[in-house]
Amino acid sequence: MHEATKGNRLPSWETTVEFVKACGADPAAYRERWESANLAVRSASAGAPSNRAGAVAALPPHEIETAATDVVQGPWPAAETPATNGPVPSAPGGRGRFRPARPAAAALAVGAVGVATVVLVAVTGDRGAGTDGQSANPPESPSNAKLSAADCPVHPTSPPWSPPAHAGDSAKFIGDITLPDCSHVGPRQTVTKVWRLKNAGTVPWKGYSLHRLDLPQQPDQCQTISDIPIKDTRPGEMVDIQTDIITPKKPGLCYVRFKMMEGSGRVAFPGGRPLNFQIIVD
């Protein structure tokens, strides 16, 4: 935590959530910023000599097969050292000085440096501390840029390869059942978007969902629920995922991205692009 608050290490998402809560803010508002910072960290790390061998390896079979739109997700770091609930011995020469167990110490740190960590995560939304101690700037996400109807269809870039949250898990994009890219919709309309995916791996999807990235939603954006539930899907089965969309009153391009989350709340496929919809409001 000391390294994280100094800016030398990006905290895990779980730690970031606690810092943000301590500052009285909504963690969902910082999720995409954290993922962007984490992408920058992983990109910088991928350039280290120890990682180059993995970078040139062939992509494994569970790499998502997609067309213009890919499923899912932003990268996640290795878990931090698990906290322990037992007492921590005093430091040598400390003469019995009280040292709280890690959870207690974490709580104290959260209260003391919460604001600093929120700033660390936000960092204008596009910077994160690299593993070599230097900052890295990922490319601007299309969802953060000013897009117009002329930009449709938007072709996002792929994140660095990363294994799925569960070994053997895989998702295949089958198609847009409704509202294909660049569909025209009137302002202040409620329409339904449906994607069809296939569980192409060996892991059952239980409690999976799609989490919207550009939170909090702005008035000039298409409005949806933040988390779209996915019906439990066995390996080899296809599933239709749908959400209602309320279009804004002003014309423009709605480009909204989602990441698939597995049942415990982790990103299911860190190495795949977000699922999205792109509709033109006119």
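This text goes with the structure placed above it.
Note that the structure is predicted; figures quoted are calculated from it, not measured. (Residues numbered from 1 in each chain as written. Predicted model: local features only at pLDDT ≥ 70, side-chain atom pairs only at ≥ 80, totals over all residues. Heavy atoms only, no water.)

Undergrad: Help me out: how do you make sense of the side chain of glutamate 35 in this one?
TA: The residue glutamate 35 is located in helix H3 (residues 31–46) in this model. A distance of 3.2 Å separates the side chain of glutamate 35 from the side chain of lysine 259, its partner in a polar contact. (Helix = DSSP H or I, 4+ residues; strand = E, 2+ residues; numbered from the N terminus. Polar contact = N/O pair within 3.5 Å; in protein donor to acceptor, adjacent residues only side chain to side chain.)

Undergrad: Even after reading the chapter, I still don't get the environment of proline 27, so can you show me in this structure?
TA: Examined against the element boundaries, proline 27 turns out to sit in the loop between helix H2 (13–22) and H3. Given the relative accessible area of 15%, proline 27 is considered buried. (Buried < 20%, exposed > 50% of the residue type's maximum accessible area, 1.4 Å probe, protein only.)

Undergrad: Which parts of the structure should I look at to understand the pairing of strand E6 (residues 209–212)?
TA: Along any regular strand the residues' side chains alternate between the sheet's two faces. Of the two faces of E6, the one holding Ser209 and His211 and the one holding Leu210 and Arg212 are both buried throughout. The pairing of E6 with strand E7 (residues 227–229) spans three bridges and is antiparallel. Within E7, the position partnered with leucine 210 by the bridge is isoleucine 228. Alignment of E6 against strand E9 (residues 252–261), held across four bridges, turns out to be antiparallel. Each bridged residue has a counterpart across the sheet, and for histidine 211 the counterpart in E9 is lysine 259. (Pairing = 2+ DSSP bridges.)

Undergrad: Explain the pattern of salt bridges to me, please; I cannot follow it from the model alone.
TA: Note that side chains of opposite charge can pair when their charged atoms are close. Applying the stated criterion across every chain, the model contains eight salt bridges. Ionic pairing is found between glutamate 35 and arginine 31, a salt bridge with its closest N-O pair at 3.6 Å. Taken together, the residues span about one helical turn, with glutamate 35 and arginine 31 both in helix H3 at a distance of four residues. We note that glutamate 35, like arginine 31, is buried. Taking the shortest distance from any N to any O, the salt bridge between arginine 234 and glutamate 237 comes out at 2.8 Å. Owing to a relative accessible area of 57%, arginine 234 belongs among the exposed residues under this scheme. Through salt bridges with shared partners, a single network forms among Arg31, Glu35 and Lys259. (Salt bridge = Lys/Arg side-chain N within 4 Å of Asp/Glu carboxyl O.)

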